[in-house]
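Working through the structure, step by step
Spelled out, the chains give:
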Amino acid sequence: MRRRARTALFLVAAVVLAAVLVDGLAGLPAFGHFHGVDGRTLDHVTVRQRHATDVVTAVNFDYRGLDTMGEEFILFASSVGLVVLLREQRADRQQCPDDAGGASGDDGRDPLLALVGRWSVAPIIVLGVYVVTHGQLTPGGGFQGGVVLASALITLLITTGGRTPRTIRRHGALEALEGIGAGGYVVIGVAGIFAGLQFLSNFLPLGTAGALFSSGTVISLSTVVGLEVAGAIALIVAEFAEHGQTPGVGS
Amino acid sequence: MTALQAVILIIVAASGTAVALTRDPTRQVILTGLFGLALAVLFFVFQAPDVALSQIVVGSVALPAMVLLTLRELRRRASEREDAE
């Protein structure tokens, strides 16, 4: 397309977009005046109904638990797809005999940086576990905590410039984590049916509001999502890192 | 609107513009991380701590890490192509 035609197309689109935006923004409620009925209702009933003090987590894993299952499986499917693609490329390449050696794990990064990286792994994992398990009490939950957990591996890979530790790769720990997390959500959902209620209904004892083990299935679902997200993100990063170490992939 | 809210809105607008105006992808990734962090503060100031936490982990950890990994992969392929020629 010629430059003038492109500019003309952009101008038309910009004018239409500006008109729609102005119209939409003019109809918004005034700043700080929220009109949502559901939000106000949930603010009042959640602690009493679900014994969860963080309303957002209760909404995510209970009132609209089915949507969260969909979101969880979007991440699951995309990470599995990516891993399959990357591994297939690598398998093709590794049939060539001259690649047998591969690159070494530690390619001479700053040793102090590597040390700091290794030492920060445990604190990051503790923080991640905290964020996952306290989702029903304070802001946080499975999605956020899961990424924090995965960032322990990201930190390790960035600071040491190496590959995923061999013990994790050999035993398929990340794949297991992701699978258990994704499957666990459905298992807890189906368990609701066996308890005589509906799919994903909160059938577990609710406990005392504000205690760590409270809110029934909210904390359980949040925890399995934490496992799934941690596994999925860590697996994606580990596969990319592995890919970078295998010489000649995709050339 | 409080002064704090106004300040953070301006910071978000400025850092978002900076991301869009940066041409070098590596610098852009770092700026995207900072922009994500500013957004997280914005959500927190506007009383949405859950969203702020999601924004921190996705905008400052997951997204920059993936873009950086992709950039490394692209560079490696480019240098291999040069070697082959």
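Residues numbered from 1 in each chain as written. Chains lettered and ligands numbered in written order. Predicted model: local features only at pLDDT ≥ 70, side-chain atom pairs only at ≥ 80, totals over all residues.

Regarding the overall build of chain B
Counted only if it meets this: Put simply, DSSP H or I for four residues or longer makes a helix, DSSP E for two residues or longer makes a strand, and each gets a number counted from the N terminus. We compute the radius of gyration from the C-alpha atoms alone; for a globule the expected value is 2.2 Å times N to the 0.38, where N is the number of residues. Exposure is read from a count of other C-beta atoms within 10 Å of each residue's own; the residue is exposed at 12 or fewer, buried at 20 or more and partly exposed in between. C-beta atoms are placed from the backbone. Residues are scored as being in contact if the C-beta atoms we place from backbone atoms lie within 7 Å.
Along chain B, the regular secondary structure elements total 3 helices and 0 strands. From first element to last, N terminus to C terminus, chain B shows the α and β order α-α-α. Computed over the C-alpha atoms, the radius of gyration of chain B is 17 Å, more than 25% above the 12 Å expected from 2.2 N^0.38 for a compact globule of 85 residues. Projected onto its principal axes, the C-alpha coordinates of chain B cover approximately 60 × 25 × 10 Å. Here chain B holds 85 residues, and the buried ones make up 20% of them. Long-range pairs, those at least 24 residues apart, make up 47% of the contacts in chain B with a sequence separation of at least 6.

Structural notes on helix 6 (residues 142–160) of chain A
Which entries qualify depends on this criterion: Given the number of residues in a helix, its expected span is that number minus one, multiplied by 1.5 Å.
Between its first and last C-alpha, helix 6 of chain A extends 27 Å over 19 residues, near the 27 Å set by a 1.5 Å rise per residue. Immediately beyond the C-terminal end of helix 6 of chain A, within one or two residues, lies A:Gly161, with a positive phi of roughly 60 degrees.

Describing the interface of chain A and chain B
What counts here: When residues are grouped by polarity, Ala, Val, Leu, Ile, Met, Phe, Trp, Tyr, Cys and Pro land in nonpolar, Asp, Glu, Lys and Arg in charged, and all others, Gly among them, in polar.
Chain A puts 18 residues into the contact, and the matching count from chain B is 18 residues. Sorting elements by how many residues they give to the side of chain A that touches chain B places helix 6 of chain A first, with 6 residues. Broken down by class, the residue content of the side of chain A that touches chain B amounts to 10 nonpolar, 8 polar and no charged.

Notes on the confidence of the model for chain A
Residue and element names in this part refer to chain A. Rule in force here: Looking at any residue, its pLDDT shows the predictor's confidence there, from 0 to 100.
Across chain A, the average pLDDT comes to 85, with 90% of residues at or above 70. Looking across chain A, the model is least confident in helix 7 (residues 166–170), with a mean pLDDT of 75, and most confident in helix 1 (residues 3–26), with 94. In the predicted structure, residues 97–106 sits below a pLDDT of 50 and forms 14 contacts with residues beyond four places in sequence or in another chain.

Focus on helix 3 (residues 49–84) of chain B
Residues and elements named next belong to chain B. Where we set the bar: Working definition for bend: take the seven residues up to and ending at a residue and the seven starting at it, fit an axis to each, and measure the angle between the axes.
Its 36 residues give helix 3 an end-to-end C-alpha distance of 51 Å, which sits within 8% of 52 Å, the value for a rise of 1.5 Å per residue. At valine 58, helix 3 shows its largest kink, close to 30 degrees. Along helix 3, the residues that are buried comprise Asp50, Leu53, Ser54, Gln55, Ile56, Val57, Ser60, Pro64, Ala65 and Leu69.

Digging into the nonpolar core
To be explicit about the condition: The term nonpolar core refers to a group of buried residues, namely Ala, Val, Leu, Ile, Met, Phe, Trp, Tyr and Cys, whose C-beta atoms join them within 7 Å.
Counting residues in hydrophobic clusters, the biggest one holds 54 residues, and the most contacted among them are A:Ala150, A:Leu153, A:Val229, A:Ala230, A:Ile233, A:Ala234 and A:Val237. Where this core is concerned, the elements lending two or more residues are helix 3 (55–63), helix 4 (65–94), helix 5 (111–133), helix 6, helix 8 (173–194) and helix 9 (217–245) of chain A together with helix 2 (25–45) and helix 3 of chain B. If one sorts the elements of this core by residue count, helix 9 of chain A sits on top with 17 residues. Once residues lying within four places of it in the same chain are set aside, the contact partners of A:Ala230 are A:Gly128, A:Gly146, A:Leu149, A:Ala150 and A:Leu177.

So, unusual backbone geometry
Despite not being glycine, A:Ser215 shows a phi value in the positive range, around 75 degrees. Relative to the helices and strands, A:Ser215 is located in the loop between helix 8 and helix 9. Phi is positive for B:Gln47, close to 60 degrees, though the residue is something other than glycine. Along the polypeptide, B:Gln47 turns up in the loop between helix 2 and helix 3.

A word on the environment of A:Thr155
Residues and elements named next belong to chain A. Mapping threonine 155 onto the fold places it in helix 6. Judged by the 18 C-beta atoms lying within 10 Å of it, threonine 155 falls in the partly exposed class. A sequence separation of 32 residues divides threonine 155 from proline 123, and the C-alpha atoms of the two residues are 12 Å apart. With residues near it in sequence (within four places) discarded, threonine 155 still touches Gly117, Ser120, Val121 and Ile124.

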